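# Fold and geometry: a report
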Amino acid sequence: MSRSSAASGTTAPDRPPVYAALDLGTNNCRLLIAIPTRPGQFRVIDAFSRIVRLGEGLGRTGSLSRGAMDRAIAALAICAQKLSARDVTQARLIATEACRSAANGAEFIEEVSEATGLNLEIVNRETEARLAVSGCGSLIDKDAKGAVLFDIGGGSSEIALLDLRGPRTRRLASRIVAWTSLPVGVVTLAERHGGREVTPQIFATMVAETVEMIERFPGRDRLGALVGSDRFHLLGTSGTVTTLAGVHLELERYDRRQVDGLWLTDREADDLVAKIAGWSFEERVANPCIGSDRADLVLAGCAILQAIRLVWPAPTLRVADRGLREGLLTEMMVADGAWRRNGPDGRDTR
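Model, not experiment: these values are computed from the prediction. (Residues numbered from 1 in each chain as written. Predicted model: local features only at pLDDT ≥ 70, side-chain atom pairs only at ≥ 80, totals over all residues. Heavy atoms only, no water.)

### Quick notes on the overall build of the chain
- On a plain count of helices and strands, the chain comes out with 15 helices and eleven strands.
- The C-alpha atoms of the chain give a radius of gyration of 20 Å, which matches the 20 Å a tight globule of 350 residues would have.
- Structurally, the chain occupies a C-alpha span of about 60 × 50 × 40 Å along its principal axes.
- Counting over 350 residues, the chain shows a buried share of 55%.
- Counted over contacts in the chain with a minimum sequence separation of 6, partners at least 24 positions apart contribute 73%. (Helix = DSSP H or I, 4+ residues; strand = E, 2+ residues; numbered from the N terminus. Rg over C-alpha atoms; globule rule 2.2 N^0.38 Å. Buried < 20%, exposed > 50% of the residue type's maximum accessible area, 1.4 Å probe, protein only. Contact = heavy atoms within 4.5 Å.)

Written as structure tokens, this is what we have:
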């Protein structure tokens with residue numbers, strides 16, 4: 001069954017509409033299926049996440065490898081099964097940096113359609129930054145006057161500057177005063193510098209390279225004197241910041257409920273980065289919140305994080321275990337008027 005950004009089914013009058021969002025990134029394939037509940041909220045009824053490393057070797061060859069594409073298609077086939085098992089009202093399925101930048105990205109999307117019936121849309125970087133804001137905006141402190149939201153991906157890192165002075169609005173994307181997409185993520189940076197054995201010198205080089213990229217961003221100073229004040233904070237959504245949060249909490253097993261929304265002070269973030277940077281590759285593998293899937297990527301992510309914190313110093317960093325999928329769901333539900341017509345239990349009240 002083909003699934004795309006168009007409405008893909010009808011819903012019985014006594015049942016809430018079902019929405020699906022899929023994000024195929026450079027490192028992960030993720031799916032959420034949800035129904036709207038109270039205004040601005042939804043309940044997840046099915047989910048899937050798998051590290052596929054679609055962008056593996058992309059920085060070196062310029063193309064997606066056969067092995068990486070096969071891993072991604074295998075994960076997407078599971079997503080297709082989950083979508084077919086639900087009466088999905090509307091779905092949006094996106095692909096990001098790996099498919100954007102690969103010479104064979106468009107051909108891969110066609111192969112996915114033939115193999116799984118899923119029609120993926122390659123989104124541009126501006127859309128990716130907007131979706132990150134839509135997905136994480138509810139975690140911005142209500143008293144903040146400014147914030148920098150960032151999403152450290154596998155092949156790119158999206159950054160949005162939000163000016164929150166003035167009346168509050170639910171459409172936080174309208175408060176973006178500047179945004180950029182850095183052409184670097186955990187996979188690309190780790191492949192360039194090595195992720196297993198990272199010396200202090202290599203780590204410093206990764207930080208400096210990323211700072212240099214940010215400094216070429218003309219809108220980086222748009223929040224002016226707000227940066228560094230107590231009415232300004234960072235909001236990070238990525239495996240890097242959620243991993244740091246898990247290590248900070250000393251979790252024996254990663255738990256999204258404890259991580260999503262966690263605040264880290266500037267000092268705590270520094271101490272966590274130093275702690276992880278001091279571990280050997282084997283020690284990183286042994287940590288339950290890092291493991292073998294992230295052990296060779298986490299320090300590249302920490303380097304990008306440190307660069308962001310150097311350019312936009314903040315007393316606090318808030319951690320979001322949410323992102324593009326939640327942004328997709330939110331935007332679909334708003335456009336569809338799902339929260340206007342549905343009561344608190346998700347049932348149609350018309």
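Still more to cover.
### Notes on the packing of helix α6 (residues 186-193) against helix α13 (residues 298-311)
- For the pair α6 and α13, the least separation of the axes is 8 Å and the interaxial angle reads 110 degrees. By the angle class used here, α6 and α13 are roughly perpendicular. Together, Val 186, Leu 189 and Ala 190 of α6 and Ala 300, Gly 301, Ala 303 and Ile 304 of α13 make up the contact between the two elements.
- Of the residues that constitute the contact of α6 with α13, the class distribution is six nonpolar, one polar and no charged. (Axes fitted to C-alpha atoms, helices over the stretch in contact; angles between N-to-C directions. Parallel < 35°, antiparallel > 145°, perpendicular 65-115°, else oblique. Nonpolar A, V, L, I, M, F, W, Y, C, P; charged D, E, K, R; others polar.)

### Regarding the pairing of strand β6 (residues 146-152)
- By the criterion of burial, β6 is predominantly enclosed, with seven of the seven residues buried.
- What you see with β6 is no split at all: Gly 146, Val 148, Phe 150 and Ile 152 on one side and Ala 147, Leu 149 and Asp 151 on the other are buried throughout.
- With seven bridges connecting them, β6 and strand β7 (residues 157-163) associate as antiparallel partners. Considered in β7, the bridge of Leu 149 is made with Ala 160.
- Between the antiparallel neighbours β6 and β7 lie four residues.
- With five bridges connecting them, β6 and strand β9 (residues 232-237) associate as parallel partners. Across the sheet, residue Val 148 finds its bridge partner in β9, namely Leu 234. (Pairing = 2+ DSSP bridges.)

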